[in-house]
Amino acid sequence: QAQVVDSGGGSVQPGGSLRLSCTTHRDNFVVATMNWYRQAPEKEREMVAQITSSGYTYYLPSVKGRFTISRDNEKSSVYLQMTNLKPEDTATYYCYEDLPPQLRDPAANYWGQGTQVTVSS
């Protein structure tokens, strides 16, 4: 069973909205910093948004004001609400679970499989 499962991507027109979801299957979600990354073809993977265990959030400047990250600890899930999408938001989006070092398993995979977001008219 995959430990991190992300979903919710799709194709939308510019100005549209999508909501990405990510669910983990570990017991330590409440102490994890959860992240959304994205990678466009021939570009480096970049962090889009982050939410810490205490609720502190960070956004890539180009998405600030358009994207909102949130988490539900009871469901071990994190979400990325994306509004006013632009063609440059087109990428594969990945969820990443960042646990404290003492809780990390070197053999485990903390990345989701990725979900494609395409913004095009």
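Throughout this description, residue numbers start from 1 for each chain and increase along the sequence as written. At least 70 in pLDDT is required for a residue's local features to be given in this predicted model, at least 80 for side-chain atom pairs to be given and counted, and no such filter applies to totals for whole chains, interfaces and linings, which use all residues. Values reported for side chains reflect all heavy atoms of the structure, with hydrogen atoms and water molecules removed beforehand.

(A) View of the sheet that holds strand E2 (residues 10-12). Strand pairing is assigned whenever DSSP detects at least two bridges linking the two strands. Under the DSSP-based scheme used, a helix requires at least four consecutive residues in state H or I and a strand at least two consecutive residues in state E, with every element numbered from the N terminus. Within the open sheet, the 6 strands sit side by side as E2-E10-E9-E4-E5-E6. Their pairing is mixed. Every interior strand has two partners, whereas the edge strands, E2 and strand E6 (57-59), have only one. The sheet shows a mean angle of 25° between the axes of neighbouring strands, direction not considered. Axis definition: a line fitted to C-alpha atoms, limited for helices to the stretch in contact. Angles are taken between N-to-C directions and run from 0 to 180 degrees.

(B) Highlighting the pattern of salt bridges. Definition used for salt bridges: Asp or Glu carboxyl oxygen within 4 Å of a side-chain nitrogen of Lys or Arg. Counted according to the given criterion, the structure contains 4 salt bridges. One salt bridge in this structure joins Asp89 and Arg38, with 3.0 Å as the shortest N-O distance. Of the two residues, Asp89 is situated in the loop between strand E8 (77-82) and strand E9 (91-98) and Arg38 in strand E4 (residues 33-39); the sequence distance between them amounts to 51 residues. The rule is simple: take the accessible area with a 1.4 Å probe, protein chains only, and divide by the maximum for that residue type; under 20% is buried, over 50% is exposed, in between is partly exposed. Judged by its relative accessible area of 6%, Arg38 falls in the buried class. Here Asp89 makes a salt bridge to Arg66, at a shortest N to O gap of 2.7 Å. Of the two residues, Asp89 sits in the loop between E8 and E9 while Arg66 sits in the loop between E6 and strand E7 (67-72), which places them 23 residues apart along the sequence. For the pair Asp89 and Arg66, one class covers both residues: buried. Shared partners join several salt bridges into a network, and the residues in it are Arg38, Glu46, Arg66 and Asp89.

(C) Region of interest: the packing of aromatic side chains. Two aromatic rings from Phe, Tyr or Trp, using only the six-membered ring of Trp, form a pair when their centres are within 6.5 Å; if the ring planes differ by under 30 degrees the pair is stacked, by over 60 it is edge-to-face, and anything between is tilted. By the definition in use, this model includes 4 aromatic pairs. Ring plane angle 85° and centroid distance 6.4 Å describe the contact between Tyr94 and Trp111, whose orientation is recorded as edge-to-face. Of this pair, Tyr94 sits in strand E9 while Trp111 sits in the loop between E9 and strand E10 (115-119); the two residues are 17 residues apart in sequence, bridging distant segments of the chain. For Trp111, a relative accessible area of 27% gives the class partly exposed.

(D) A look at the nonpolar core. Think of a nonpolar core as a cluster: buried Ala, Val, Leu, Ile, Met, Phe, Trp, Tyr and Cys residues, connected wherever their side-chain atoms sit within 4.5 Å. Core analysis: the largest hydrophobic core is formed by 31 residues, its most contacted members being Trp36, Leu80, Met82 and Tyr93. Breaking this core down by element, the ones donating at least two residues are strand E3 (18-24), E4, strand E5 (46-51), E7, E8, E9 and E10. In what follows, residue pairs with any heavy atoms lying within 4.5 Å of each other are defined as contacts. When sequence neighbours within four positions are dropped, the list of residues in contact with Leu80 reads Leu18, Arg19, Leu20, Trp36, Val48, Ala49, Phe67, Thr68, Ile69 and Tyr93.

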